[in-house]
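Letter by letter, the chains look like this.
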Amino acid sequence: MSKGHDRHLHLGLWLTFLDAAEWRDPASRAEELNSLQPYVEVAEIGERAKLDALIRGDGLGLPLPDPEQAFAGSLEILTLLAALAARTERIGLIGTASTTFTEPYNLARTLATLDHLSNGRVGWNIVTSIAGEEQFGYDEIPGHEERYERADEFIEVVSKLWASWEPDAVLVDRENGVFFDPDKINTIDHHGKHFRVAGPLNIARPPQGRPVFVQAGDSEKGRDFAARHAEIVFTAQNDIGKAQAFYRDVKRRVERQGRDAARVSILPGLVVTIGGSEAEAQELHDRFLARIDYERTRRNLESLLGGVDLSDIDLDERVPEERLPEAGALTRQPGRAQIFIDLAKEKGATLRRLLQALGTAHGHGRVFGTPEQVADHIQRWAGARAADGFAVSPAQGLAGARLFADEVVPILQDRGLFRREYTGGTLRDHLGLPPVP
Ligand SMILES: Cc1cc2nc3c(=O)[nH]c(=O)nc-3n(C[C@H](O)[C@H](O)[C@H](O)COP(=O)(O)O)c2cc1C
């Protein structure tokens, strides 16, 4: 387990109630995709299990003309989290926002507002985005390196904005009619390559000082960016050996930045299928695989791999090595592409296996089994220093979230691996992170 300040696992719950492959099921609640209620139910399940946080990604475009892709067009996450802040008390709320397609001043306001409304429970999943250029006036998506360069300056600006109000700036002195002390609110006068921002922010310092920084981006540049800034690293890993190497590598990079590696939690995504018996779990998993639309998923894989053509390859054949790109040459998602290139090259995966890995879990790890087996998997990865916890995504929608909370979490608690009660009020408290000075 992670050494140092905190021996507990950290667990996030993916904020969704409907698996993309199951929306056509007559019993699904697909009509409620844009309603608050099902998300409240997920949040309540997570909070009852004392999970660290709800977490969810966000995209910036609708991949037309694919009529199946309703999921790409659902609620904007930070707005949804504002509603959930009012319906929950303790669980952390982690939302995704792009440094490429937002401005630091806007996002600093939004996240500060959310942190106030939730009494300090907000985390920001910082992404540089894989798409969105068509909506924001670019001919092409800015290059990988440029996106990360802008992201660094973005972090510098928002951090200065959140710090622009000193902790004791708000006075509320009714007698003298002084709401805040102007001497304790400072301009930032930032002049950089990408941004010019005078500041100060027009909202008081957030309760956590600033939101918890979560980072998602697996490439070399992404790892260096995580080493500089992240307090949680959200990553896609589906092989324990590779996850261990990633874990060691990121923690080493964090130390090289002079930061405490024990205060950076590495949380791979984990798609979980839970059955009452091993046989039932296997059957549920098989059903999960049977729902994959191979044709559509192949198109997604082709696009992830930079536009290769795999249409002539039989599902049970291997993808010839010469068809696989150098991940480093890809602009959008080189880190994620590498996972599939490795599966094909090193593990000899057939096209069918690649599509199953993409179609069920987007390259994240998967586990199916009884609650004990799922708990064993989590314990094994954490014990092997492949993870400090997981961002859990139940394959069975809301029912799966309930099973995880009611059947798996108690086992982790009995094994002394997970908290039985929240000990603090903020996301920073749940993660064992000190206040921001
Ligand atoms: C686990 C994980 C989750 C991500 N989630 C999102 C997301 O929700 N929205 C988004 O625009 N990008 C997301 N990204 C992509 C990031 O924008 C990332 O910056 C991009 O993939 C390029 O960096 P990389 O090659 O370092 O992974 C995610 C990446 C990873 C690794």
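Cut-off values and rules
- Residues numbered from 1 in each chain as written.
- Predicted model: local features only at pLDDT ≥ 70, side-chain atom pairs only at ≥ 80, totals over all residues.
- Heavy atoms only, no water.
- UniProt positions renumbered as here; feature names shortened; annotations may be inferred.
- Helix = DSSP H or I, 4+ residues; strand = E, 2+ residues; numbered from the N terminus.
- Rg over C-alpha atoms; globule rule 2.2 N^0.38 Å.
- Buried < 20%, exposed > 50% of the residue type's maximum accessible area, 1.4 Å probe, protein only.
- Areas by Shrake-Rupley, 256 points an atom, 1.4 Å probe, with all protein chains shown as cover.
- Lys, Arg positive; Asp, Glu negative; His and termini not counted.
- Charge placed at Lys NZ, Arg CZ, Asp CG, Glu CD.
- Polar contact = N/O pair within 3.5 Å; in protein donor to acceptor, adjacent residues only side chain to side chain.
- Contact = heavy atoms within 4.5 Å.
- Near = heavy atom within 4 Å.
- Nonpolar A, V, L, I, M, F, W, Y, C, P; charged D, E, K, R; others polar.
- Domains from an automatic or database assignment.
- Patch = residues over 30% accessible without salt bridge, like charges linked within 9 Å, V, L, I, M, F, W, Y side chains within 5 Å.
- Salt bridge = Lys/Arg side-chain N within 4 Å of Asp/Glu carboxyl O.
- Phe/Tyr/Trp six-rings, centres within 6.5 Å; stacked < 30°, edge-to-face > 60°.
- Lys NZ or Arg CZ within 6 Å of the ring centre and 35° of its normal.

- Naming follows an unreviewed UniProt entry, where the protein appears as NtaA/DmoA family FMN-dependent monooxygenase of Actinomadura rugatobispora.
- Its UniProt record gives the protein the following Sequence similarities (unreviewed entry) comment, quoted word for word: "Belongs to the NtaA/SnaA/DszA monooxygenase family."

### Thoughts on the overall build of the protein
- When helices and strands are counted, the protein shows 13 helices and 13 strands.
- For 437 residues, the compact-globule formula gives about 22 Å, and the C-alpha radius of gyration of the protein, at 22 Å, lands near that figure.
- The principal-axis extents of the C-alpha atoms in the protein amount to approximately 75 × 50 × 45 Å.
- Buried positions account for 54% of the 437 residues belonging to the protein.
- Accessible area of the protein: about 19,400 Å², with a carbon and sulfur share of 48%.
- The averaged location of the 67 negative side-chain charges in the protein is 4 Å from the averaged location of its 52 positive side-chain charges.

### Regarding the side chain of K251
- Among the structural elements, K251 can be located in helix α6 (residues 240-256).
- For K251, a relative accessible area of 11% puts it in the buried group.
- At a separation of 3.2 Å, a polar atom in the side chain of K251 contacts the main-chain carbonyl oxygen of A261.
- Those residues in contact with K251 that lie beyond four places of it in its chain are A261, V264, I266 and D388.

### With respect to the site of the ligand
- Around the ligand, the surrounding shell holds 24 residues, and the nearest of these are D58, T128, S129, Y148 and S219.
- A distance of 2.8 Å separates an oxygen atom of the ligand from a polar atom in the backbone of S129.
- Take D218: an N or O atom from its main chain is 3.0 Å from an oxygen atom of the ligand.
- When the free accessible area of the ligand is taken as 600 Å², the share hidden by the protein chains comes to 92%.
- Elements represented by at least two residues in the shell around the ligand include exactly α4 (144-162), β10 (232-235) and α9 (334-346).
- Of the residues belonging to the shell around the ligand, the class tally is 7 nonpolar, 12 polar and 5 charged.
- Each of two domains, domain 1 (10-271 + 370-430) and domain 2 (276-367), supplies a minimum of three residues to the shell around the ligand.

### Things to note about the environment of R248
- Tracing the chain through its elements places R248 in helix α6.
- For the pair R248 and A387, spaced 139 residues apart in sequence, the C-alpha separation works out to 9.9 Å.

### Focus: helix α8 (residues 294-304)
- The set of residues buried in α8 consists of Y294, R296, T297, R298, L301, E302 and L304.
- Check the buried side of α8 and you find it contacts α7 (278-290), α9 and α10 (351-361).
- Looking one or two residues past α8, G306 carries a phi angle of roughly 85°, positive in sign.

### Some remarks on a nonpolar patch on the surface
- A surface patch of nonpolar side chains, about 340 Å² in accessible area, is lined by V170, V172, F179 and F180.
- For the nonpolar patch, the secondary-structure elements that each account for two or more residues are β5 (170-173) and β6 (178-180).
- Take F179: it is sitting in strand β6.
- In this structure F179 comes out as exposed when scored by relative accessible area, which is 53%.

### Points about the packing of aromatic side chains
- Taken as a whole and assessed by the stated rule, the structure comprises 12 aromatic pairs.
- Look at W162 and F213: their rings are 6.2 Å apart centre to centre, the planes differ by 40°, and that puts the pair in the tilted class. Taken together, the residues W162 in helix α4 and F213 in strand β9 (residues 212-215) connect sequence positions 51 residues apart. We note that W162, like F213, is buried.
- Its guanidinium or amino end placed over the ring of F213, R210 lies 4.0 Å from that ring's centre, counting from NZ or CZ.
- Sitting above the plane of the Y294 ring, R352 keeps its charged end 5.7 Å from the centroid.

### Some details on unusual backbone geometry
- Cis peptide bonds are those with omega within 30 degrees of zero, and the linkage from G199 to P200 qualifies with -5°.
- For P200, the position within the fold is in the loop between β8 (196-197) and β9.
- The phi dihedral of V172 is positive, around 45°, even though this residue is not glycine.
- For V172, the position within the fold is in strand β5.
- When its relative accessible area of 35% is taken as the criterion, V172 is described as partly exposed.
- The phi dihedral of R385 falls on the positive side, at around 55°, and the residue is not glycine.
- Looking at the element boundaries, R385 is found in the loop between α11 (371-383) and β13 (389-394).

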